[in-house]
Structure formats: C-alpha cells, structure tokens
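Inside the fold
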Amino acid sequence: MATGELNPDHHPAQRAAKAVQHYLNTRYGSPYRLFGLQRVYSGNAEDVADSGRKYQLEISVQEMISNTTGNCSAEVLFARGEPRRSAQVQASCEELLKIDTKAQEEAFYQQYKMNQSLLSAQHLPDSYGHIEPDMKPLWHLGTVASSFVMLNESTENTLYNMAQVANVTQLPTENNQLKFDYHILLHEMVSQEIIHWKLLFTWSPAEGVKVLQMEQLRHCHDCEMPPNTN
C-alpha cells in the first residue's frame, strides 16, 4: 500500500478519513450533533515500525443537523498484528465543536425521561427513505452509537456507513441515563455487505453515549439495500 503523499480522492485517504468521522461521533455526537465527512484535502501515509500505518489528514467535516462545515487536522493509526485493535484517532476540529446543542439535548432528555410509555420504533428510514421529524433524533442517536462499532471495525480495507435503524426500544431509565436497545444495519461499502448489530447503550446530555454491549448478528449477503439518507 502506498506511502508518502496520497491522492485525497483515492481509497486509502478516504477510508482513513471515514475513521475520523466515526471518532468525532463517538466523542461529540448526540441526538442533535452528527458529523459527516465532506472532503479530504490532503493526506500522507507512513509505516510506523511494527505498529502499523499512520495517516496524516487535512479534511472538512460537516455537522449534518446545523449544516455547518469546518476543517479538521487528523491523525489515524491502523494497527497491525493480532489481536486486531481499533483505529487510533486524534483530531482537531475547533470550529465544529463550538456548535451549541445544549437546549435541544436537554429537551430531548426530559421528554424521554418522563415518558410514561417507553418508546419503540422500526425502520428508520422506511423503504422510501423517509423519517418522521420526531424520529430523526433517534436516527441521529443510533448513528452516533453505531459509530462506536464502525470505528472499532474500521481497517485500511473497509468503509462503513450507517444504513438503517431496524428497531429501537427505549428501556427504563437507569441512574439518570436514558437507555436504549437498537438493532442497526451497517453497509460495508467494499464488500457490499449489510451487517446487523445489536447495541445496548445509555445517553444523557452530561455523559453522552455509553455503549454497554455490542453484538454482531447474522451476516446478510443478499438483503435488500436500505435507503441512504445521506
């Protein structure tokens, strides 16, 4: 695999940059803050002794809900060897992190914390690519939680996108943390597989997403492709 300066439009730079997107969502994502890779401006790759391959990237990232775009400098290390370790990412995206979503997050938190009947929903988006407005924060939250899986699974030979929330069930609140059980579908773009995962996680404005359990379900080679809302 190439070292030195990379073509920003080719697979190595794009796949490393996608890992940065997943990292930002795991660190800063919420029902009202969701990051997506917009463009790779430049990239360099180097082999690091026995550690793996390190990528230095200059990229632009879009906060999808506010439609705000900012530049990021990032470093991604794909480790070698067994057992396989998740990509190690460092990123600086100062402008994007200034977006204030506290009011929306608190309102969402209070709404679902006070729910007398726990929420359950399916197929976000539906077969026509539609998500009801009041369900969009749950789609965003599922995408943030799925980013923990996508970051963990990302290698130099993969490219993951969130495809669909097949099912979401709200569980009783514990220790002031909203708790959810999600069944998500991920699209691995290289193999064209749809991969099912079960996620159990908590969320609050103060603590963010905390994944309690990740379980990969059966592989699905021939499933109908869920609609893409990106």
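Structure: above.
Given the structure is predicted, the values throughout are model-derived calculations rather than measurements. (Residues numbered from 1 in each chain as written. Predicted model: local features only at pLDDT ≥ 70, side-chain atom pairs only at ≥ 80, totals over all residues. Heavy atoms only, no water.)

Our next topic: the pattern of salt bridges. Using the criterion set out here, one finds seven salt bridges in the structure. A salt bridge links Arg53 to Glu156; its shortest N-O distance comes to 2.9 Å. Separated by 103 residues along the polypeptide, Arg53 in strand β3 (residues 52–63) and Glu156 in the loop between α3 (136–153) and β7 (160–174) bring together distant segments of the chain. Here Arg53 matches Glu156 in class, with each residue buried. (Salt bridge = Lys/Arg side-chain N within 4 Å of Asp/Glu carboxyl O. Helix = DSSP H or I, 4+ residues; strand = E, 2+ residues; numbered from the N terminus. Buried < 20%, exposed > 50% of the residue type's maximum accessible area, 1.4 Å probe, protein only.)

A few words now on the sheet that holds strand β5 (residues 88–92). Taken in spatial order, the five strands line up as β1-β2-β3-β4-β5 in an open sheet, and their pairing is antiparallel. Each having just a single partner strand, β1 (4–6) and β5 make up the two edges of the open sheet. Taking the axes of each pair of neighbouring strands and ignoring which way they run, one obtains an average angle of 20 degrees across the sheet. Where β1 lies against strand β2 (residues 35–48), three bridges are found, and the strand directions are antiparallel. Its bridge partner lying in β2, Gly4 is registered against Ala45. Packing of helix α1 (residues 11–28) onto the sheet brings it into contact with β1, β2, β3, β4 (68–79) and β5, and relative to β2 it is tilted by some 120 degrees. (Pairing = 2+ DSSP bridges. Axes fitted to C-alpha atoms, helices over the stretch in contact; angles between N-to-C directions. Contact = heavy atoms within 4.5 Å.)

It is worth spelling out the state of the cysteines at this point. Counting across every chain of the model gives one disulfide. Here Cys72 engages in a disulfide with Cys93; their sulfurs sit 2.2 Å apart. As the torsion about the S-S bond is roughly 125 degrees, the Cys72-Cys93 disulfide counts as right-handed. Of this pair, Cys72 sits in strand β4 while Cys93 sits in the loop between β5 and α2 (102–113), and the two are 21 residues apart along the sequence. Note on accessibility: Cys72 and Cys93 belong to one class, buried. (Disulfide = S-S within 2.5 Å.)

Turning to α1, a few remarks are in order. With 18 residues, α1 ought to run about 26 Å at 1.5 Å a step, and its terminal C-alpha atoms sit 26 Å apart, in line with that. The element α1 is extensively covered by neighbouring structure, given that 13 of its 18 residues are classed as buried. (Expected span 1.5 Å × (residues − 1).)

This part is about α3. Taking 1.5 Å of rise per residue, the 18 residues of α3 would be expected to cover 26 Å, and the 25 Å separating its terminal C-alpha atoms lies within 8% of that figure. At Ser146, α3 is bent by approximately 25 degrees, the largest bend along its length. For α3, a buried count of 15 out of 18 residues is recorded, marking the element as mostly surrounded by other parts of the structure. (Bend = angle between axes of the 7 residues up to and from the residue.)

The next point concerns the environment of Ile99. Within the fold, Ile99 resides in the loop between β5 and α2. Classification of Ile99 as buried rests on a relative accessible area of 15%. Excluding anything up to four places from it in sequence, Ile99 contacts Arg33, Glu63, Ser66 and Thr68.

Pairs of aromatic rings are described using the distance from one ring centre to the other and the angle between the two planes. Taken as a whole and assessed by the stated rule, the structure comprises eight aromatic pairs. Between Tyr32 and Phe108, the ring centres sit 6.3 Å apart and the planes meet at 80 degrees, which makes this aromatic pair edge-to-face. Of this pair, Tyr32 sits in the loop between α1 and β2 while Phe108 sits in helix α2; the two residues are 76 residues apart in sequence, bridging distant segments of the chain. Take Tyr32: its relative accessible area is 22%, and that puts it in the partly exposed class. Ring centres of Tyr55 and Phe78 lie 5.8 Å apart, and the angle between their planes is 80 degrees; this geometry places the pair in the edge-to-face category. Here Phe78 lies in strand β4 and Tyr55 lies in strand β3, a separation of 23 residues in the sequence. Taken together, the aromatic side chains of Tyr32, Phe108, Tyr109, Tyr112 and Trp203 make up a single cluster linked through ring pairs. (Phe/Tyr/Trp six-rings, centres within 6.5 Å; stacked < 30°, edge-to-face > 60°.)

Here we take up the environment of Leu37. Tracing the backbone shows Leu37 in strand β2. For the pair Leu37 and Glu63, spaced 26 residues apart in the sequence, the C-alpha separation amounts to 8.9 Å. Sequence-distant contacts of Leu37, that is, excluding residues within four places in its chain, are made with Gln14, Ala17, Lys18, Gln21, Ile59 and Ser60.

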